[in-house]
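# Breakdown of the fold
This is what each chain is made of:
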Amino acid sequence: MTDEAPAGPAPAPAKPAHQPRNPLHGLTLEAIVKALADHYGWEQLGELVPIRCFAIDPSVGSSLKFLRKTPWAREKVESLYLFMLREQRREQQQQQPQPPQR
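Cut-offs applied
Residues numbered from 1 in each chain as written. Predicted model: local features only at pLDDT ≥ 70, side-chain atom pairs only at ≥ 80, totals over all residues. Heavy atoms only, no water. Core = buried A, V, L, I, M, F, W, Y, C linked by side-chain atoms within 4.5 Å. Buried < 20%, exposed > 50% of the residue type's maximum accessible area, 1.4 Å probe, protein only. Helix = DSSP H or I, 4+ residues; strand = E, 2+ residues; numbered from the N terminus. Expected span 1.5 Å × (residues − 1). Contact = heavy atoms within 4.5 Å. Phe/Tyr/Trp six-rings, centres within 6.5 Å; stacked < 30°, edge-to-face > 60°. Salt bridge = Lys/Arg side-chain N within 4 Å of Asp/Glu carboxyl O.

### Quick notes on the nonpolar core
If you look at the biggest cluster of nonpolar residues, it comprises 19 residues, and the most contacted ones within it are Leu36, Ile51, Phe54, Leu67, Val77 and Tyr81. Sort the elements by how many residues they give to this core and helix α5 (residues 71-95) lands first, with six residues.

Shown next, in the form of structure tokens:
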């Protein structure tokens, strides 16, 4: 007799938890960088997050390569993305007509 476990299918990896209140859940880093570049433009993005891949010959590809290797820069980019979403939400709320108060 041996102490080996019976050969069988390995248990399935646990599914990632559903995160309905996390605005970054399900978004790729590429989608975040593209949205920021569309909203702010590369020049302003380079001022807001002062990293070379945004300031010198910017591209989505070079940005992704750097951000995947550099956690502190990725955190700044994700924070700026969340700020952008809050800003857009505020603008939408201001544009909606307010109900008359009694």
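### Considerations on α5
Taking 1.5 Å of rise per residue, the 25 residues of α5 would be expected to cover 36 Å, and the 36 Å separating its terminal C-alpha atoms lies within 8% of that figure. Looking only at α5, the buried set comprises Ala73, Val77, Leu80, Tyr81, Met84 and Leu85. Where the residues of α5 are buried, they touch α1 (29-40), α2 (42-48), α3 (52-55) and α4 (60-69).

### Looking at the packing of aromatic side chains
By the definition in use, this model includes two aromatic pairs. A ring pair is formed by tryptophan 42 and phenylalanine 54, whose centres lie 5.8 Å apart and whose planes are at 45°; its orientation type is tilted. Taken together, the positions of tryptophan 42 in helix α2 and phenylalanine 54 in helix α3 put the pair twelve residues apart, joining distant regions of the chain. Centre to centre, the rings of phenylalanine 66 and tryptophan 72 are 6.4 Å apart; their planes meet at 85°, and the pair counts as edge-to-face. Look at tryptophan 72 and you get partly exposed, because its relative accessible area is 47%.

### Comments concerning the pattern of salt bridges
A full pass over the atoms with the stated rule returns two salt bridges. Here lysine 34 and glutamate 30 are joined by a salt bridge, their closest N and O atoms 3.2 Å apart. Here glutamate 30 and lysine 34 lie together in helix α1, a separation of four residues that amounts to about one turn. Accessibility expressed as a relative area gives 34% for glutamate 30, which makes it partly exposed. Note that glutamate 78 is salt-bridged to arginine 74, the shortest N-O span being 3.1 Å. With glutamate 78 and arginine 74 both in helix α5 and four residues apart, the pair spans about one turn of that helix. Residue arginine 74 is classed as partly exposed on the basis of its relative accessible area, which comes to 32%.

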